[in-house]
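# Report on the structure
Single-letter residue listing:
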Amino acid sequence: MPFTVADYVLTRLREQQIDTLFGVPAAYCAPLFDAAAARGVTSVIAASDLEAGYAADGYARTKGLGAVSVANGVGTLSMINAIAGAYVERSPVVVINGGPTAQHLDNLKNFDVLFSHSIGQPDTDLNAYRLVTGSATRASTTTQVPAAVDTALATAIRKKRPSYVEISKDLWTQDCTPPAGPIDLTNPTAGTEQQLATTIVQLIRAATSPLLLVGAEIQRYGLANQVADLIAKLGVRWSTALLAKSTLPEQGKGWVGVYDPPQSIPSAAQAVEQADLLVMLGAVFPNGYATLVTTRTAKIVSIYDGTVRIKGSQKRNAELRALVAALVSQAATAPPKPVPAGVVPAAPPPATGALTYRQVFDRIGAALDDSWLVVPDTMLGVYSAANLPVKGRDGFLCSAVWASIGHSVAAAVGASFGSNRRPLVICGDGGFHMTAQALSTMARYGRNPVVIVVGNGLYAFEQFLVDKTYFGTSAAHPKPYVVLNPWDFVKFADALGVHSAQSVKTAAALDSALASAKASNGPALIHAEVNPHDLPAELS
Ligand SMILES: Cc1ncc(C[n+]2csc(CCOP(=O)(O)OP(=O)(O)O)c2C)c(N)n1
Ligand SMILES: [Mg+2]
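Residues numbered from 1 in each chain as written. Chains lettered and ligands numbered in written order. Predicted model: local features only at pLDDT ≥ 70, side-chain atom pairs only at ≥ 80, totals over all residues. Heavy atoms only, no water.

Attention now moves to the overall build of the protein chain. Scanning the protein chain for helices and strands turns up 22 helices and 18 strands. For 540 residues, the compact-globule formula gives about 24 Å, and the C-alpha radius of gyration of the protein chain, at 24 Å, lands near that figure. Each principal axis of the C-alpha distribution contributes one length, and for the protein chain these read about 65 × 60 × 40 Å. The 540 residues of the protein chain split such that 55% are buried. Put simply, of all contacts in the protein chain between residues at least 6 apart along the chain, 74% involve residues at least 24 apart. (Helix = DSSP H or I, 4+ residues; strand = E, 2+ residues; numbered from the N terminus. Rg over C-alpha atoms; globule rule 2.2 N^0.38 Å. Buried < 20%, exposed > 50% of the residue type's maximum accessible area, 1.4 Å probe, protein only. Contact = heavy atoms within 4.5 Å.)

What follows is the structure, encoded as structure tokens:
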């Protein structure tokens with residue numbers, strides 16, 4: 001049996017434990033899907049290109065690496081939002097694109113004949129994806145394929161960023177040299193790590209109220225155990241960025257809560273904002289961090305993207321894994337200081353009365369156990385999601401920085417393949433409108449996410465940003481442009497193959513809907529109806 005270019009790609013993906021390829025087929029990449037099953041890779045065909053991108057992202061965040069392939073031009077440009085989010089939020093998705101052939105490019109250049117889905121430029125996809133990936137390469141000949149594919153995989157794994165590889169469509173079925181050996185996936189150390197670790201641990205020990213903020217890089221690089229050890233050895237208080245929620249179990253000494261300004265819980269806001277030393281460990285700073293980071297530079301050590309900046313000094317290169325190891329061994333040189341007990345979330349009140357935005361999160365909080373992967377969307381309730389008592393590790397997935405509405409439903413498709421936990425999506429009705437067809441993919445592939453649609457009939461977050469007074473005044477009218485076309489979510493779900501669907505209007509009914517969803521094996525939808533004037537606790 002010949003070993004083809006498609007086989008090369010698939011073999012390299014399997015070496016990294018990828019067993020699922022997300023996408024929407026086109027002639028450009030069909031041979032990749034044709035060859036997938038024989039190489040142990042299952043193709044999951046999404047209902048839209050954007051969904052395919054989000055699904056690959058959800059898979060990458062839970063499994064460590066994801067892969068997606070959609071149609072050149074029409075598919076890739078539709079998917080680019082998902083890959084931009086993966087770039088920002090450090091999700092290693094490999095985008096595999098079928099590209100124009102040498103003949104296509106020649107016809108375009110010399111005769112103005114457009115290849116399929118071309119906008120009349122030779123490198124549109126390549127150039128567009130350069131902006132949102134750690135590397136973007138085109139292979140135009142079979143001999144270029146191994147290096148191009150290996151670069152894409154190495155970038156994704158080493159930088160925890162998406163990467164892009166484009167393979168001329170006539171190459172897929174041509175013979176290719178099989179992989180010669182493993183890809184080099186290690187990041188070189190900078191040689192600075194021990195010295196930096198010594199300085200940082202000294203600063204922590206000398207501080208009176210130091211705090212460590214765990215960021216997404218710790219989850220992405222698989223350093224949670226080491227950081228838990230570091231926290232224990234230093235006896236330091238710790239928080240986490242929303243993007244990194246549940247990287248470490250949220251319990252035990254020193255835990256102050258998720259820091260998600262401007263709506264962090266008081267214990268987290270106070271501890272972070274009044275710390276006399278703040279060690280940011282692999283955290284992406286969303287705009288809400290602007291005040292903290294720009295006004296407290298002299299109190300911040302920031303470790304991010306292969307660099308360390310101590311109190312506003314010049315950035316120095318440092319490799320994260322080596323640096324964390326050095327921090328742990330440095331921390332072990334003295335006994336830990338005593339730290340205050342961690343914050344414990346209040347027990348949710350009993351379920352009574354009509355459902356409110358607040359009760360949606362109280363009821364979900366009451367239902368959580370370590371079988372759930374909580375996947376909230378960008379919505380009024382995202383700050384409430386930050387404070388949900390997620391149990392254990394790796395139980396949370398959110399487009400917390402890029403904040404693209406609709407991410408949750410589609411990312412849950414991929415997470416249902418990548419995680420051992422069952423996705424519990426919490427999405428606004430507006431966000432749901434964006435990627436609702438993902439229910440179809442869940443049904444078709446027998447996945448079992450539970451999707452809670454919080455129905456207030458509005459893009460309420462937008463109303464909140466534009467005019468909050470609407471929420472205090474029951475007679476007030478919303479801005480016309482935030483009003484949604486009301487859907488019958490139950491009928492919609494049914495039509496797409498998700499037959500376990502119900503609308504609930506009371507807190508008790510949400511409890512029982514969650515219980516029956518938990519007992520079922522397939523996908524389920526719960527439409528949780530709330531008053532459009534209602535605000536979640538964190539915003540009231
Ligand atoms: C893709 C995308 N489009 C638009 C926005 C702007 N936006 C942010 S929140 C929001 C409203 C979300 O409404 P919904 O999902 O119903 O949640 P609610 O605010 O009502 O709780 C919008 C439109 C965005 N963040 N992402
Ligand atoms: Mg809404």
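That was the structure; now back to the text.
Attention shifts here to the environment of Arg444. Mapped onto the secondary structure, Arg444 falls in helix α18 (residues 438–444). A C-alpha to C-alpha distance of 20 Å links Arg444 and Ala67, two positions 377 residues apart in sequence.

Bringing the environment of Thr247 into the picture now. Structurally, the position occupied by Thr247 is in the loop between β8 (237–241) and β9 (255–259). Thr247 gets classed as buried once you look at its relative accessible area, which sits at 2%. Dropping the residues within four chain positions of it, Thr247 is found in contact with Val214, Ile218, Gln219, Ala224, Arg393 and Asp394. Here the side chain of Thr247 touches Ala244 through a polar contact of 2.6 Å, landing on its backbone oxygen. (Polar contact = N/O pair within 3.5 Å; in protein donor to acceptor, adjacent residues only side chain to side chain.)

Let's shift gears to the pairing of strand β2 (residues 42–45). Sheet topology places strand β1 (residues 20–23) next to β2; four bridges connect them, and they run parallel. Bridging across to β2, Thr20 finds its partner in Thr42. The parallel pair β1 and β2, bridged by helix α2 (residues 30–36), forms a crossover whose chirality is right-handed. (Pairing = 2+ DSSP bridges. Right-handed = clockwise from strand over helix to strand, strands pointing away.)

Per the domain assignment, the segments of the protein chain are domain 1 (5–171), domain 2 (193–331) and domain 3 (357–539). Placing a centre on the C-alpha atoms of domain 1 and another on those of domain 3 gives a separation of 30 Å. At the junction of the two partners, domain 1 supplies 21 residues and domain 3 supplies 26 residues. Between domain 1 and domain 3, roughly 1700 Å² of surface is buried when both sides are summed, and carbon and sulfur atoms account for 65% of that area. Where domain 1 packs against domain 3, one counts zero salt bridges. In this assembly, domain 1 and domain 3 are joined by 10 residue pairs in polar contact (both at pLDDT 80 or more). Broken down by element, the residue count for the side of domain 1 that touches domain 3 peaks at nine residues, all from helix α3 (residues 49–63). Considering only residue class, the side of domain 1 that touches domain 3 consists of 10 nonpolar, six polar and five charged. (Domains from an automatic or database assignment. Buried area = accessible area lost by both parts, 1.4 Å probe. Salt bridge = Lys/Arg side-chain N within 4 Å of Asp/Glu carboxyl O. Nonpolar A, V, L, I, M, F, W, Y, C, P; charged D, E, K, R; others polar.)

Glancing now at the sheet that holds strand β4 (residues 93–99). The sheet built from six strands is open, its strands ordered β2-β1-β3-β4-β6-β5 with parallel pairing. With partners counted over all chains shown, the strands left at the sheet margins are β2 and β5 (136–139), one partner each. Adjacent strand axes in the sheet meet at a mean angle of 25 degrees, parallel and antiparallel pairs treated alike. Where β5 and strand β6 (residues 163–168) come together, four bridges link them in parallel fashion. In the strand pairing of β6, Ala136 is matched with Tyr164. In the packing of α3 onto the sheet, contacts are made with β1, β3 (66–69) and β4, and the angle to β3 comes to roughly 165 degrees. In the packing of helix α4 (residues 76–88) onto the sheet, contacts are made with β3 and β4, and the angle to β4 comes to roughly 160 degrees. (Axes fitted to C-alpha atoms, helices over the stretch in contact; angles between N-to-C directions.)

On to the site of ligand 1. Taken together, the neighbourhood of ligand 1 is formed by 16 residues, with Tyr357, Asp429, Gly430, Gly431 and Phe461 sitting nearest. One of the backbone nitrogen or oxygen atoms of Gly431 is found 2.7 Å away from an oxygen atom of ligand 1. Contact distances for ligand 1 include 2.9 Å between a nitrogen atom and a side-chain N or O atom of Glu462. For the shell around ligand 1, the secondary-structure elements that each account for two or more residues are α17 (429–435) and α19 (460–466). Residues of the shell around ligand 1, tallied by class, amount to nine nonpolar, five polar and two charged. (Near = heavy atom within 4 Å.)

With that settled, consider the packing of α3 against α4. The geometry of α3 relative to α4 is characterised by a closest axis approach of 6 Å and an angle of 20 degrees between their N-to-C directions. The angle between the axes of α3 and α4 places the two elements in the roughly parallel class. Handedness of the crossing formed by α3 with α4: right-handed. Contact with α3, carried on its side by Asp49, Leu50, Gly53, Tyr54, Asp57 and Arg61, involves Ser78, Met79, Asn81, Ala82, Gly85 and Ala86 of α4 and no other residues of that element. Looking at the contact of α3 with α4, its residues break down into five nonpolar, four polar and three charged. (Parallel < 35°, antiparallel > 145°, perpendicular 65-115°, else oblique. Left-handed = near helix turned anticlockwise from the far one by under 90°.)

Turning to the packing of helix α1 (residues 5–15) against helix α7 (residues 145–159), a few remarks are in order. Between α1 and α7, the least distance of the axes is 10 Å, while the angle of their chain directions is 25 degrees. Put simply, α1 runs roughly parallel to α7. Along this stretch, α1 crosses α7, giving a crossing that reads as right-handed. Contact with α1, carried on its side by Val5, Tyr8, Val9, Arg12 and Leu13, involves Val145, Pro146, Val149, Asp150 and Leu153 of α7 and no other residues of that element. Tallied by class, the residues present in the contact of α1 with α7 amount to eight nonpolar, no polar and two charged.

Applying the stated criterion to the full structure yields 15 aromatic pairs. A ring pair is formed by Tyr259 and Tyr289, whose centres lie 5.3 Å apart and whose planes are at 75 degrees; its orientation type is edge-to-face. Taken together, the positions of Tyr259 in strand β9 and Tyr289 in the loop between β10 (277–281) and α12 (290–295) put the pair 30 residues apart, joining distant regions of the chain. With centroids separated by 6.0 Å and ring planes inclined at 80 degrees, the aromatic side chains of Phe432 and Phe492 adopt a geometry described as edge-to-face. Here the residue Phe432 occupies a position in helix α17, and Phe492 occupies one in helix α21 (residues 489–495), the gap between them amounting to 60 residues. Taken together, the ring pairs in this structure connect Phe432, Trp487, Phe489 and Phe492 into an aromatic cluster. Above the ring of Tyr87, the side-chain terminus of Arg161 is found at 4.3 Å from the ring centroid. The ring centre of Phe396 lies 5.7 Å from the NZ or CZ of Lys245, which sits over that ring. (Phe/Tyr/Trp six-rings, centres within 6.5 Å; stacked < 30°, edge-to-face > 60°. Lys NZ or Arg CZ within 6 Å of the ring centre and 35° of its normal.)

The next thing to look at is the coordination of the magnesium ion (ligand 2). The coordination sphere of the magnesium ion (ligand 2) contains the protein donors Asp429 (OD), Asn456 (OD1) and Leu458 (O), at a distance range of 2.1 Å. The motif formed by the donor residues of the magnesium ion (ligand 2), counted along the single chain, is D-x26-N-x1-L. The burial state of Asn456 is the same as that of Leu458; both residues are buried. (Donors = N, O, S within 2.8 Å, 3.2 Å for Na, K, Ca; no water.)

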